[in-house]
Amino acid sequence: PSSKAQQKHIRMGAALHAPEEGEQPEKRPGMLISATAGAMAGCVARFAVGPLDVIKIRFQVQIEPIRGVGEAFMRSKYTGFFQAMGTIL
């Protein structure tokens, strides 16, 4: 009695040992597929996380307070997340 889970476990474990004589090694995804997947992941990370990182850094280096009582003469450039995102983008 072999279930799909057992077969999957056996297949995954088969890649951990060297193939026996006459046994065919399992095929792995090609280098082009792996490179494409890595490039796509890098693009998503760059375009999704990059702008958020810029906003974080600009809030950190901003000298003017975001909110302050009696400091009307010093207006901060970035007052909130969406306002900063709209200003930067």
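See the structure printed just above.
Here goes a summary of the coordinates provided. Only a predicted model underlies this, so the values are computations on that prediction, with no experimental measurement involved.

1. Here we look at the overall build of the chain
Moving on, step 1. For the chain, the count of helices and strands is 3 helices and 0 strands.
Moving on, step 2. Order of helices (α) and strands (β) in the chain, N terminus to C terminus: α-α-α.
Moving on, step 3. Residues classed as buried in the chain amount to 6% of the 89 residues present.
Moving on, step 4. Across the chain, contacts joining residues at least 24 apart in sequence account for 25% of those joining residues at least 6 apart.

2. Some thoughts on the packing of aromatic side chains
Moving on, step 1. Summed over all chains, the structure comprises 2 aromatic pairs.
Moving on, step 2. Pairing Phe-59 with Tyr-78 gives two aromatic rings, centres 6.3 Å apart and planes at 70 degrees, and the pair type is edge-to-face. Placement of the pair is Phe-59 in helix α2 (residues 31–61) and Tyr-78 in the loop between α2 and α3 (81–88), with a sequence separation of 19 residues.
Moving on, step 3. Taking relative accessible area as the criterion, Phe-59 reaches 23% and is therefore assigned partly exposed.
Moving on, step 4. Residue classification places Tyr-78 among the buried positions, given a relative accessible area of 7%.

3. Here's the deal with the side chain of Gln-62
Moving on, step 1. With respect to the helices and strands, the residue Gln-62 is situated in the loop between α2 and α3.
Moving on, step 2. Looking at Gln-62, its side chain comes within polar contact range of the main-chain nitrogen of Tyr-78, at 3.1 Å.
Moving on, step 3. Not counting the four nearest positions on each side in its chain, Gln-62 is found in contact with Ser-76, Lys-77 and Tyr-78.

4. Things to note about the pattern of salt bridges
Moving on, step 1. Considering all chains together, one arrives at 1 salt bridge under this definition.
Moving on, step 2. As a salt-bridge pair, Lys-56 and Asp-53 come within 3.4 Å of each other at their nearest N and O atoms. Note that Lys-56 and Asp-53 are positioned in helix α2 at a spacing of 3 residues, about one turn of the helix.
Moving on, step 3. The exposure class of Asp-53 is partly exposed, given its relative accessible area of 36%.

5. A short note on α2
Moving on, step 1. The end-to-end C-alpha separation of α2 is 42 Å, in line with the 45 Å expected for 31 residues at 1.5 Å each.
Moving on, step 2. Most pronounced at Val-49, the bend in α2 amounts to some 35 degrees, and the proline Pro-51 follows within four residues.

What counts and what doesn't
Residues numbered from 1 in each chain as written. Predicted model: local features only at pLDDT ≥ 70, side-chain atom pairs only at ≥ 80, totals over all residues. Heavy atoms only, no water. Helix = DSSP H or I, 4+ residues; strand = E, 2+ residues; numbered from the N terminus. Buried < 20%, exposed > 50% of the residue type's maximum accessible area, 1.4 Å probe, protein only. Contact = heavy atoms within 4.5 Å. Phe/Tyr/Trp six-rings, centres within 6.5 Å; stacked < 30°, edge-to-face > 60°. Polar contact = N/O pair within 3.5 Å; in protein donor to acceptor, adjacent residues only side chain to side chain. Salt bridge = Lys/Arg side-chain N within 4 Å of Asp/Glu carboxyl O. Expected span 1.5 Å × (residues − 1). Bend = angle between axes of the 7 residues up to and from the residue.

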